[in-house]
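Results of the structural survey
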Amino acid sequence: MLAALLLLSGCGRESLQSQESYVFGTRVEVLVWGAPADKGREATAAVLREFDRLHRAYHAWQPSELTALNDAIAAGRPHEVSAELAALIVEARALAAQGDYLFDPGIGALVKLWGFHDETFKPQLPDAEKLAALRQAKPSIAALKVDGRTVTSTSRSVALDFGGYLKGVALDRAAAIMKAHGITNALINIGGNVLALGAKGGTPWRVGIQHPRKSEPLATLELRDGEAIGTSGDYQRYFEMDGRRYSHLIDPRTAEPATGTRALTVLISPGDKAGLWSDVASKPLFVAGDGWKPLAAKLGIAQVLRVDAAGRVEVTEPLRVRLQFVAEEEKK
């Protein structure tokens, strides 16, 4: 998880407004700098309302528009969805293809089988027969067809889970809402996916990249206007059994949690989809393990930090020059 490290020295706290919430199953923080109090509160409230709407509409296991679609897919029925959900499916399907389907929102049944459709994770392996059946079925969002607002699937094993996608969508929505309210300096943090607008009193927003095995940052960096950063790690949603860690980041090729990476961070340049890419791009690169570099090149992601299964740190040069490592021994 990325933690916002607020460097307030020499700046009055009254210029900073902060609001926290719990959405998408994680902590959300919205910071606004230098705006009138009422204007900042209004913009932040609008952002949090949109987050809550997205969370409720597309929840993967509590009753929602998404679960209604998943029920229809399982029953082999066509299903009419909202125009928004139809557009999200089309976009997520294209993103999955770009990432060689290592990021695949169609594997919700696997995520559920491994026990991650819950707020608590029991140290329990999935039923072997059910796991083998899903492995053979190879569920994928590629099986979905969207015709207008009607969604059909060639496979009943597909179940959508937007957990690795929706936070990025929400970040871009938040940036648009802030700008529409005249807010030019803000930091939006959704459980470690962070997007920066402007700066904080003339000083860039500074964030920390969480160490995957310590309760401290591995490194820090300054975010420029419009940049977004996101991390996928095996240290938040996971359980341990017989000395092995099982995280929620499932490899669609094996139908099991990916094991080659502890954490992978991407820094995304400013753009309309910066938030989206900060959420989506880290997933296939995490799952790719040692094969992350050619996939990053294919995706056009130049700024990457990876901590492999042995704790070794790899950093691309464009990101290395931006980082300040907390521990000297991490500079590898």
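What this report covers is the structure whose coordinates are included nearby. Predicted model only: the values in this text are computed from it and were never measured. (Residues numbered from 1 in each chain as written. Predicted model: local features only at pLDDT ≥ 70, side-chain atom pairs only at ≥ 80, totals over all residues. Heavy atoms only, no water.)

**Points about the overall build of the protein**
Secondary structure summary: the protein contains 10 helices and 19 strands in total. The C-alpha atoms of the protein give a radius of gyration of 20 Å, which matches the 20 Å a tight globule of 332 residues would have. On the principal axes, the C-alpha backbone points of the protein span a range of 60 × 45 × 35 Å. Expressed as a percentage of its 332 residues, the buried residues of the protein come to 55%. Long-range pairs, those at least 24 residues apart, make up 64% of the contacts in the protein between residues at least 6 apart in sequence. When the accessible surface of the protein is summed, it comes to about 14,500 Å², and 50% of that surface belongs to carbon and sulfur atoms. The positive charge centre, built from 40 side chains, and the negative charge centre, built from 39, are 1 Å apart in the protein. (Helix = DSSP H or I, 4+ residues; strand = E, 2+ residues; numbered from the N terminus. Rg over C-alpha atoms; globule rule 2.2 N^0.38 Å. Buried < 20%, exposed > 50% of the residue type's maximum accessible area, 1.4 Å probe, protein only. Contact = heavy atoms within 4.5 Å. Areas by Shrake-Rupley, 256 points an atom, 1.4 Å probe, with all protein chains shown as cover. Lys, Arg positive; Asp, Glu negative; His and termini not counted. Charge placed at Lys NZ, Arg CZ, Asp CG, Glu CD.)

**Focus: the packing of helix α1 (residues 37-57) against helix α6 (residues 166-180)**
Each pair of packed helices gets described by two things: the angle between the helix axes and the distance between those axes. Between α1 and α6, whose axes approach to 9 Å, the crossing angle comes to 155 degrees. Comparing their axes, α6 and α1 come out roughly antiparallel. The two elements α1 and α6 cross, and the hand of that crossing is right-handed. Of α6, the residues touching α1 (which contributes Ala 43, Thr 44, Ala 46, Val 47, Glu 50, Phe 51, Arg 53 and Leu 54) are Leu 166, Ala 170, Arg 173, Ala 174, Ile 177 and Met 178. Grouping the constituent residues of the contact of α1 with α6 by class yields 10 nonpolar, one polar and three charged. (Axes fitted to C-alpha atoms, helices over the stretch in contact; angles between N-to-C directions. Parallel < 35°, antiparallel > 145°, perpendicular 65-115°, else oblique. Left-handed = near helix turned anticlockwise from the far one by under 90°. Nonpolar A, V, L, I, M, F, W, Y, C, P; charged D, E, K, R; others polar.)

**Thoughts on the sheet that holds strand β4 (residues 79-80)**
Ordered by their spatial adjacency, three strands build an open sheet running β4-β6-β5, and the pairing between neighbours is antiparallel. Taken across any chain shown, the strands that pair with only one partner, and hence form the sheet edges, are β4 and β5 (144-147). Against the sheet, helix α3 (residues 83-98) contacts β5 and β6 (150-153), and its axis sits at roughly 135 degrees relative to β5. (Pairing = 2+ DSSP bridges.)

**A short note on the packing of aromatic side chains**
The geometry of an aromatic ring pair is captured by the separation of the ring centres together with the interplanar angle, meaning the angle of the planes. One pass over the structure, following the stated rule, counts five aromatic pairs. Aromatic pair Phe 24 and Phe 51: ring centres 5.9 Å apart, planes at 55 degrees, arrangement tilted. One end of the pair, Phe 24, is in the loop between β2 (16-23) and β3 (26-33); the other, Phe 51, is in helix α1, with 27 residues separating them in the sequence. Relative accessible area serves as the criterion here: at 18%, Phe 24 is assigned to the buried category. On the accessibility criterion, Phe 51 (1% relative accessible area) is buried. Positioned over the ring face of Tyr 238 is Arg 245, at 4.1 Å from the centre of the ring. (Phe/Tyr/Trp six-rings, centres within 6.5 Å; stacked < 30°, edge-to-face > 60°. Lys NZ or Arg CZ within 6 Å of the ring centre and 35° of its normal.)

**Overview of unusual backbone geometry**
Even without being glycine, Asp 242 reaches a positive phi, approximately 50 degrees. Its location among the elements puts Asp 242 in the loop between β12 (238-241) and β13 (244-247). Judged by its relative accessible area of 78%, Asp 242 is exposed. For Ala 255, which is not glycine, the phi torsion reads 65 degrees and is therefore positive. Note on placement: Ala 255 falls in the loop between β14 (250-251) and β15 (256-257). On the basis of relative accessible area, Ala 255 is assigned to the buried category, the value being 1%.

**Observations regarding the environment of Leu 264**
Counting through the fold element by element, Leu 264 comes out in strand β16 (residues 261-268). Spatially, the C-alpha atoms of Leu 264 and Arg 306 are 4.4 Å apart, while their sequence positions differ by 42 residues. In contact with Leu 264, not counting residues within four places along its chain, are Gly 230, Thr 231, Ser 232, Ser 282, Leu 285, Phe 286, Val 304, Leu 305 and Arg 306.

**Describing the pairing of β2**
Here β2 pairs with β3 via eight bridges, running antiparallel. Its bridge partner being in β3, Val 23 is matched across the sheet by Thr 26. Linking two consecutive strands that pair antiparallel, namely β2 and β3, is a turn of two residues; a positive phi of about 60 degrees is found at Phe 24 within it.

**Remarks on the pattern of salt bridges**
Counted under the stated rule, the structure contains 24 salt bridges. Here Asp 52 ties to Arg 56 by a salt bridge, and the two come within 2.9 Å at their closest N and O atoms. A residue pair is termed a helical-turn pair when its members lie 3 or 4 positions apart in one helix, as Asp 52 and Arg 56 do in helix α1 at four residues. Residue Asp 52 is classed as partly exposed on the basis of its relative accessible area of 30%. The salt bridge partner of Asp 251 is Arg 253, with a shortest N-O separation of 2.9 Å. Connected through shared salt-bridge partners, Glu 50, Arg 53, Glu 84 and Arg 173 make up one network. (Salt bridge = Lys/Arg side-chain N within 4 Å of Asp/Glu carboxyl O.)

Purely geometric numbers; function is a separate question.
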